[in-house]
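Architecture and fold: a report
Okay, here's what each chain looks like letter by letter:
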Amino acid sequence: MLISGGGSNLEAILRAQAAGELGRGQVGLVISNKPEAAGLERARRYNVPARVVDRKALGSENAFQAALLSALTDSKTDVVCLAGFLRKLAPVIIQKFRGRILNIHPALLPKYGGAGMYGHFVHEAVIAAGDAESGCTVHVVDEEFDRGPVLAQVRVPVLPGDNAETLAARVLEQEHRLYPQAITRFCEGLS
Ligand code: GAR
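So, here is what we can say about the structure in this document. All values derive from a computational prediction rather than experimental measurement.

Parameters at a glance
Residues numbered from 1 in each chain as written. Predicted model: local features only at pLDDT ≥ 70, side-chain atom pairs only at ≥ 80, totals over all residues. Heavy atoms only, no water. Helix = DSSP H or I, 4+ residues; strand = E, 2+ residues; numbered from the N terminus. Rg over C-alpha atoms; globule rule 2.2 N^0.38 Å. Buried < 20%, exposed > 50% of the residue type's maximum accessible area, 1.4 Å probe, protein only. Contact = heavy atoms within 4.5 Å. Areas by Shrake-Rupley, 256 points an atom, 1.4 Å probe, with all protein chains shown as cover. Lys, Arg positive; Asp, Glu negative; His and termini not counted. Charge placed at Lys NZ, Arg CZ, Asp CG, Glu CD. Polar contact = N/O pair within 3.5 Å; in protein donor to acceptor, adjacent residues only side chain to side chain. Axes fitted to C-alpha atoms, helices over the stretch in contact; angles between N-to-C directions. Parallel < 35°, antiparallel > 145°, perpendicular 65-115°, else oblique. Left-handed = near helix turned anticlockwise from the far one by under 90°. Nonpolar A, V, L, I, M, F, W, Y, C, P; charged D, E, K, R; others polar. Patch = residues over 30% accessible without salt bridge, like charges linked within 9 Å, V, L, I, M, F, W, Y side chains within 5 Å. Salt bridge = Lys/Arg side-chain N within 4 Å of Asp/Glu carboxyl O. Phe/Tyr/Trp six-rings, centres within 6.5 Å; stacked < 30°, edge-to-face > 60°.

1. Quick word on the overall build of the chain
Along its length, the chain carries seven helices and seven strands. Sequence-ordered secondary structure for the chain, helices as α and strands as β, is β-α-β-α-β-α-α-β-α-β-α-β-β-α. Here the C-alpha atoms of the chain give a radius of gyration of 16 Å, agreeing with the 16 Å that 2.2 N^0.38 yields for 191 residues. Relative to its 191 residues, the chain shows a buried fraction of 46%. Looking at the chain alone, contacts between residues at least 24 apart form 61% of all its contacts between residues at least 6 apart. Per element, the accessible surface of the chain, about 9,400 Å² overall, is 52% carbon and sulfur. When the 21 positive and 20 negative side-chain charges of the chain are each reduced to one mean point, those points stand 5 Å apart.

See below:
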């Protein structure tokens, strides 16, 4: 699992695993690109190895991506799940794990995806557009932000009076259900 921040999706997945609801899925390693990511502490509480691959400390994007790739290959990772991970993966990582990198996005892709579309920016855009519904999407990651094949989606209504915060909370609740289920199904299909 790759994270950059709070890690509430990570926690939902770890909770599902602890409850025996993640099927063949097993979280073997959590990596954050930021040392202060609260998700690291969540991983440790579930006794899952957690590492920082610090983009800032590594100095260059190349060094960062190389360290990420080593961490993933050394740990014999089969599937990479992005959960609020806000860096773009280098093509060499996408190639190495082609078709086995998943991401969750807090909108109904292909709407409201792409560079700069994350977190509250997504919900602000949905509200500004006056959409009656939003939702969340789990998809396979390719070389572009938020573009690969969609695996699963849940819709939620946008209610009168919603702001980015209230909409985010409604969407996040569904993310926490959708992502563990999508990972479970995805892992079932692996040979
Ligand atoms: C989630 O809402 C996730 O969908 C979003 O960041 C949040 C992370 O929360 N991801 C993106 O916007 C990716 N484009 P979390 O750290 O509490 O799981």
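Still to come is the rest of the account.
2. With respect to the side chain of aspartate 131
Here aspartate 131 is to be found in the loop between α6 (120-129) and β6 (133-140). Here tyrosine 112 takes part through its side chain, which lies 2.8 Å from a polar atom of the side chain of aspartate 131. For aspartate 131, the contacting residues outside a window of four places in its chain are Lys111, Tyr112, Val126 and Val158.

3. Some thoughts on the packing of α6 against helix α7 (residues 164-188)
The geometry of a pair of packed helices is captured by two quantities: the angle between their axes and the separation between those axes. At a minimum axis separation of 9 Å, α6 and α7 run at an interaxial angle of 110°. The orientation of α6 relative to α7 falls into the category roughly perpendicular. Crossing angle aside, the handedness with which α6 passes α7 is right-handed. Contact residues: α6 offers His120, His123, Glu124, Val126 and Ile127, while α7 offers Ala164, Leu167, Ala168 and Val171. Classifying every residue of the contact of α6 with α7 by side-chain character gives six nonpolar, two polar and one charged.

4. Regarding a nonpolar patch on the surface
Judged by side-chain polarity, Leu86, Tyr118 and Phe121 come together as a nonpolar surface patch covering roughly 280 Å² of accessible area. Its location among the elements puts tyrosine 118 in the loop between β5 (101-105) and α6. Here tyrosine 118 falls in the partly exposed class, since its relative accessible area comes to 39%.

5. Describing the environment of proline 110
Its location among the elements puts proline 110 in the loop between β5 and α6. Between the C-alpha atom of proline 110 and that of aspartate 146, which follows or precedes it by 36 residues, the distance is 7.5 Å.

6. Topic: the packing of aromatic side chains
Taken as a whole, this structure holds one aromatic pair when the rule is applied. Centre to centre, the rings of tyrosine 118 and phenylalanine 121 are 5.3 Å apart; their planes meet at 75°, and the pair counts as edge-to-face. Overall, phenylalanine 121 belongs to the partly exposed group, its relative accessible area being 35%.

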